[in-house]
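Report on the structure
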Amino acid sequence: MLGSAPGLSGRWERLEPRPRARMLRQVLHAGLRTSFHALGRFVAGHPVFFASAPVLLSILLGASFSRYRVEEDVESLLAPKHSLAKIEGNLVDSLFPVNRSKHALYSDLQTPGRYGRVIVTTRKGSVLDPVHLDTILKLHRRIYQMQVTVPATGFNSFNYSFSYLCLPDDKNVCIIDDIIRAMEEIQSARTSNRSVPVLRYPITQLADGRQAYIGHQLGGVQGWGPSGAVRGLGTGARGEGVRSARALQLTYYLQARGGLMDRVAGQWEKAFCAELQHFAALHPKLGLYPSTSSSLRTDFQFSSVLARRPLLASLGVCGVLAVLCCSMRDCVRSKPWLGLLALLSITLSGLTAAGILNLTGATYNSTYLGIPFVMLGHGLFGSFEMLSSWRRTREDQHVKERVASVFEDVMLRFSGSTMLHLMTLGLAASPLTNMEAVRLFCRTAALAVTISYVYMLSFYSSCLVFTGYLETGYRHGCFCRRVPKPDRLDSKPAWYRCLMYTRYQDETQTTNPPHVVGHSHAHPPNPNLTHTHAHTHPHSANNPNSHGHGHVANSTHAHPHPHPQTHPNTSTDPHPQDSHLLLGCVRRCYGDWITNTYVKPFVVLLYLVYISFGLMGFLQVTQGSDPSALVAMDTTTVLYTRAQQRYFSSYSPVIGFYIYESAPYWNASVQRDLLEYAKGFQRISWLEAYLNYLTDRNQSTSQSRENFTRTLRHSFLREPQFAHFADDIIFAERGQGEEPDVAASRIFLVAKTTENKREEMSVLLDTLRRLSLTSRVRFLIFNPSFVYLDRYAAAVSSPLRHSLLAVLFLLGLSSLAVVEPLVSVWLGLTLLSVQFGVLGFMTLWGVELDCMSVLCLISALGHSADCSGPLLCGFASGRGESRTRWVRVALERHGVPSLQTLICYSAALVPVGSVRSNLTRTLFRCLTLTAGCSALHTLAFLPTLLTFLPPSKSRGHRPGGDGQRQEVECVEMNDSTRVVDQITTV
């Protein structure tokens, strides 16, 4: 009967037929809210247990830091885990291991387990000048004779020198760089007053007739032109005479056979760096830039050491601002301790997660520096939302009921945002991710977020219960001392009255009696009435002041309403001076300003500018595959890399061209193909040298297999100037009395490069790989840097794409059952917009797309959902008011907690920006942009766009008859024996 009355709407509208999806959402929503209400009552009933259990668990797990281990294999972290380059590298190591090389090694090609490397530069002049040349050879002899003692003390100590640790040649002499032999020849000629041998670049000829590539050993070269003119750096042709050189690179290879030799080699590397530092102090005219096999690992992990004090400073700054954000003028309703307790809850959850990692044998690396900020943003969001909801509860309720109401109001949104965090991080931590650093970070961050969520439900909620009891007892929010009533405060000094200011409940009942607006009927005060509203609406459907509220004091909610409140009740504040500062600013100033008709066009214009600059940066995104971009500044790795880029950028690293299957080298067409592949490169090729050898002896290069192989083995490789090519050929026996086959071989290629060395190497890698697919000769190319270049762009960007698709899928799935579809659409668009802006602006700020920036982009998905999700849900849940009115209400209820979170979060990032590390610099810039873009969307773009874009606020309001529209409400009445549901029509 009532359902057929004309003009009926409001709560009884849900009795009408609706789509099944909407009904399912209502049922699930009501069930979840009821469950969280019961959970809140349970936590409020056992606050001591829920406060002490997380603390004890954190202390127990924190004791596991004795098992703290640091990741030592940096290549496995920063290089794509599954790539063709790694497979090719394993094949190369099996065919041509570094220990098999008995004549020459190329420092850019071979990367054995242990080595020491140094770049020597001159402040003035050339490294080939007599004074500098003698000094460099003196340094070489000191390094050669340097000894280390292992163990340092005891009777079993032994002294190990480089001659014991080095890689020996076929004469059992240490393999040294060819430039050392060339410099010794020059020094010997000058000493004996002979003509100095001509040193050519990049390929020179040594005294024994052997040709050696020195492009990676001599840098900053100026050569003599054809007419004696000076030519630029590395611009000469093959074999051009060297006039001067500004830099020299020396490499000392070590053997690491077993655990003892590895420890000895590690000690030698430390002594190597100390010796170079001491030598540089004695010879200030030379610049020394050392690097060892452990430099990258040490400098990469050094960022964590540098960030310890700034992280503590971040925690302190965030604590101060959190206290201020939780404080207000009313000393009883102020909750300053909750700000510190929120940080304590986040700290305890981090300690628990670290303990679990230690017990499971996980290792740490410097990328984990971003995890505290993921936890901080998510934890502060939950704490400020709970505090905001607490302040909206009725003060005459019991603490348990208030906490249950907070859980009912907040925990559904907080759980949803936690699910978004876990979805993004969990999918990025799956085996689909090809970057180990990204996978480990996301796995650890997902664990930390989960524990932070549980501790927010337990530890922080119990702290909210304790502060609620302090408020009920009218005790000071900071000093926990009972506040005297106003009649006793009158005799106190002014500073004491200001410090102890509060508003008692009896004052509230006196100064704020139940009121009715319009023609509504106000019910008389009835202590048995749980909650009642009386509303009358004229034909103007969007008039926010056309309804009345009747609130009865000393009433309690026996059962929560399954639906959110459909009319804002924050327009009247009897004590505006008691409100929080930020809440007062948003309520009285910012909310009206941002929704002003004349401000909206400027906000839309600002969003268009935001998209334009984001697009500009998006089109300029570059990948940062250089591991040195993730280490601490002013370290040996950074200084060495800068020197190498400055003096040795004329040529690419040595590229190994490996023919890994038996090929008919005696065939003329195969010879032409191989010579054509190497054309345009500087090369050290046994095949080219052998063909020239045959030509010089007036022999045909196209011979039978037996003659070709016999001449190669018994004539060519036995010549002193060609003997070193024996390291580049593998013979396979065929049978007794037959000449063996050439089973595999290698050629060394060097390409001319410009400033964009890594990009050109990536293009060269792709070009030669495509060529290998169509060639008749089965070959591969390899250089250790290819491990970082190969599939790096796909390996870095795929976790971000997977996480973004997972979020959109989760939002689409939840819109069918839990969330309003338009809320999911708006939230998805917001996440895309924030990601687009962060990616574009970080490129304009000079941040490359490496593993650290991708980690920040993945965490930005959850952070932007934390800030924007509650605002969208609060706006979409409102009915019966204008868009502008509900935007203001959503800003008051959810915009203020988001603003408080962003303030504390941004302040915590400031100390991190002062750390002298490339990794933390990337972290600071990306997270700062994330906070800025999230703040713009939450506080500016969304409040403006929602005032004229869907969802509509007119749903549920149908034009009725000529009279006023009636509203029917279900009211609960309590007596001493039962609860009665009564239908009251107004």
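Residues numbered from 1 in each chain as written. Predicted model: local features only at pLDDT ≥ 70, side-chain atom pairs only at ≥ 80, totals over all residues. Heavy atoms only, no water.

A word on the overall build of the protein
Looking only at helices and strands, the protein has 30 helices and 18 strands in total. If you take every contact in the protein between residues at least 6 apart in sequence, the share linking residues at least 24 apart comes to 77%. (Helix = DSSP H or I, 4+ residues; strand = E, 2+ residues; numbered from the N terminus. Contact = heavy atoms within 4.5 Å.)

Let's talk about the packing of helix 12 (residues 371-392) against helix 28 (residues 851-876)
Where helix 12 meets helix 28, the axes come as close as 9 Å, and the angle between the chain directions of the two elements is 15°. Considered as vectors, helix 12 and helix 28 are oriented roughly parallel to each other. The chirality of how helix 12 crosses helix 28 is left-handed. Along the contact surface, helix 12 presents Val 374, Gly 377, His 378, Phe 381 and Glu 385, while helix 28 presents Ser 859, His 863, Asp 866 and Pro 870. Residues that form the contact of helix 12 with helix 28 fall into these classes: three nonpolar, four polar and two charged. (Axes fitted to C-alpha atoms, helices over the stretch in contact; angles between N-to-C directions. Parallel < 35°, antiparallel > 145°, perpendicular 65-115°, else oblique. Left-handed = near helix turned anticlockwise from the far one by under 90°. Nonpolar A, V, L, I, M, F, W, Y, C, P; charged D, E, K, R; others polar.)

Comments concerning the environment of Pro 197
Tracing the backbone shows Pro 197 in the loop between helix 7 (178-191) and strand 5 (200-201). For Pro 197, a relative accessible area of 34% puts it in the partly exposed group. Along the sequence, Pro 197 and Gln 187 sit ten residues apart, while their C-alpha atoms lie 10.0 Å from each other. Beyond its immediate chain neighbours, meaning those up to four positions away, Pro 197 contacts Glu 185, Ile 186 and Ala 189. (Buried < 20%, exposed > 50% of the residue type's maximum accessible area, 1.4 Å probe, protein only.)

Here we look at the packing of aromatic side chains
For the structure shown, the criterion picks out 34 aromatic pairs. A network of ring pairs unites the aromatic residues Tyr 690, Tyr 693, Phe 708, Phe 716, Phe 722 and Phe 725 as a single cluster. One residue, Arg 402, lies across the ring of Trp 390, its end atom 4.0 Å from the ring centre. Over the face of the ring belonging to Tyr 651 we find Lys 752, whose NZ or CZ atom lies 5.5 Å from the ring centre. (Phe/Tyr/Trp six-rings, centres within 6.5 Å; stacked < 30°, edge-to-face > 60°. Lys NZ or Arg CZ within 6 Å of the ring centre and 35° of its normal.)

Overview of the pattern of salt bridges
Using the criterion set out here, one finds 27 salt bridges in the structure. For Arg 713, the salt bridge is made with Glu 739, and the minimal N-O distance between the two is 3.2 Å. Of the two residues, Arg 713 sits in helix 23 (residues 705-716) while Glu 739 sits in the loop between strand 14 (729-732) and strand 15 (741-750), which places them 26 residues apart along the sequence. By relative accessible area, Arg 713 is classed as partly exposed at 28%. Among the residues examined, Glu 739 registers a relative accessible area of 11% and is labelled buried. The partner of Arg 746 in a salt bridge is Asp 728, and the shortest N-O contact between them spans 2.7 Å. Here Arg 746 is found in strand 15, whereas its partner Asp 728 is found in the loop between helix 23 and strand 14, with 18 residues between them in sequence. (Salt bridge = Lys/Arg side-chain N within 4 Å of Asp/Glu carboxyl O.)

Considering the side chain of Ser 775
By the secondary structure assignment, Ser 775 is in the loop between helix 24 (757-774) and strand 16 (779-782). Only 3.1 Å separates the side chain of Ser 775 from the backbone nitrogen of Val 777, close enough to count as a polar contact. (Polar contact = N/O pair within 3.5 Å; in protein donor to acceptor, adjacent residues only side chain to side chain.)

Describing the environment of Ala 935
Along the polypeptide, Ala 935 turns up in helix 30 (residues 918-945). Once the C-alpha coordinates of Ala 935 and Ser 864 are considered, the two residues, 71 residues apart in sequence, prove to be 8.5 Å apart. Beyond its immediate sequence surroundings of up to four residues, Ala 935 is in contact with Leu 902 and Ala 940.

A word on the confidence of the model for the protein
Here the protein averages 81 in pLDDT, and 82% of its residues register 70 or above. Of the regions scoring below 50 in pLDDT, residues 1-17 engages in 25 contacts with residues more than four places distant in sequence or in other chains. Within the model, pLDDT remains below 50 along residues 508-578, and this stretch shows 140 contacts once partners closer than five positions in the same chain are excluded. (pLDDT = per-residue confidence, 0-100.)

Considering the nonpolar core
Counting residues in hydrophobic clusters, the biggest one holds 236 residues, and the most contacted among them are Leu 218 and Trp 268. Per element, the largest residue contribution to this core is 19 residues, and it comes from helix 14 (residues 436-472). With sequence-adjacent residues up to four places away left out, Leu 218 is seen in contact with Val 127, Ile 179, Leu 199, Tyr 201, Val 242, Ala 245, Ala 247, Leu 248 and Phe 648. Ranked by size, the runner-up nonpolar core spans seven residues in total, among them Tyr 474, Val 483, Leu 489 and Met 500. (Core = buried A, V, L, I, M, F, W, Y, C linked by side-chain atoms within 4.5 Å.)

Quick look at the state of the cysteines
Under the definition given, this model contains one disulfide. Here Cys 166 engages in a disulfide with Cys 174; their sulfurs sit 1.8 Å apart. Note on the Cys 166 and Cys 174 pair: the S-S dihedral is about -70°, so by sign convention the disulfide is left-handed. Assigned by exposure class, Cys 166 and Cys 174 land together as buried. (Disulfide = S-S within 2.5 Å.)

Observations concerning a nonpolar patch on the surface
On the surface, Val 604, Leu 605, Leu 608, Val 609, Phe 613, Met 616, Leu 844, Phe 948 and Leu 949 cluster together into a nonpolar patch covering about 730 Å² of accessible area. In terms of residues, the nonpolar patch owes the most to one element, helix 19 (residues 600-618), which gives six residues. (Patch = residues over 30% accessible without salt bridge, like charges linked within 9 Å, V, L, I, M, F, W, Y side chains within 5 Å. Areas by Shrake-Rupley, 256 points an atom, 1.4 Å probe, with all protein chains shown as cover.)

As for helix 5 (residues 130-145)
Its 16 residues give helix 5 an end-to-end C-alpha distance of 23 Å, which sits within 8% of 22 Å, the value for a rise of 1.5 Å per residue. If you check which residues of helix 5 are buried, you get His 132, Leu 133, Thr 135, Ile 136, Leu 137, Leu 139, His 140 and Ile 143. Residues of helix 5 that are buried in the fold lie against strand 2 (114-122), helix 6 (162-165), helix 7, strand 10 (240-254), helix 8 (258-282) and strand 11 (286-292). (Expected span 1.5 Å × (residues − 1).)

Focus: the pairing of strand 16
Two faces belong to every sheet, and in a regular strand the side chains alternate between them. With burial as the criterion, each face of strand 16 is covered, one bearing Phe 779 and Ile 781 and the other bearing Leu 780 and Phe 782. As paired strands, strand 12 (residues 655-659) and strand 16 are joined by four bridges and run antiparallel to one another. Across the sheet, Phe 657 pairs through a bridge with Ile 781, a residue of strand 16. (Pairing = 2+ DSSP bridges.)

Things to note about unusual backbone geometry
With an omega of -15°, the peptide bond running from Val 150 to Pro 151 counts as cis. Within the secondary structure, Pro 151 sits in the loop between strand 3 (147-150) and strand 4 (158-161). Omega for the peptide link from Tyr 201 to Pro 202 comes to 5°, which places this bond in the cis form. Of note in this structure, Cys 480 is not a glycine but carries a positive phi near 60°. Even without being a glycine, Asn 698 presents a positive backbone phi close to 60°. Relative to the elements of secondary structure, Asn 698 occurs in the loop between helix 22 (686-696) and helix 23.

Some words on the side chain of Thr 424
Tracing the backbone through its elements, the reader meets Thr 424 in helix 13 (residues 399-428). Within the structure, Thr 424 has its side chain in polar contact with the backbone oxygen of His 421 (distance 2.8 Å).

What about helix 18 (residues 581-594)?
Here helix 18 spans 18 Å end to end across 14 residues, near enough to the 20 Å set by a 1.5 Å rise per residue. At Arg 587, helix 18 shows its strongest bend, of approximately 45°. Buried residues along helix 18 sit in contact with helix 19, helix 29 (883-909) and helix 30. (Bend = angle between axes of the 7 residues up to and from the residue.)

Overview of the packing of helix 29 against helix 30
Contact geometry for helix 29 and helix 30: axes closest at 10 Å, N-to-C directions at 165°. Accordingly, the angle class assigned to the pair helix 29 and helix 30 is roughly antiparallel. Seen along the crossing, helix 29 lies across helix 30 with a hand that is left-handed. Between helix 29, through Val 887, Leu 891, Gly 895, Ser 898, Leu 899, Leu 902, Tyr 905, Ser 906 and Leu 909, and helix 30, the contact on the second element is made entirely by Phe 924, Leu 927, Thr 928, Ala 931, Ser 934, Ala 935, Thr 938, Leu 939 and Pro 943. In terms of residue class, the contact of helix 29 with helix 30 is built from twelve nonpolar, six polar and no charged.

Digging into the environment of Leu 57
Tracing the backbone shows Leu 57 in helix 2 (residues 47-62). Owing to a relative accessible area of 40%, Leu 57 belongs among the partly exposed residues under this scheme. Sequence spacing of Leu 57 and Gly 355 is 298 residues, and the spatial spacing of their C-alpha atoms is 9.6 Å. Non-local contacts of Leu 57, meaning those with residues more than four positions away in its chain, are made with Thr 352 and Tyr 455.

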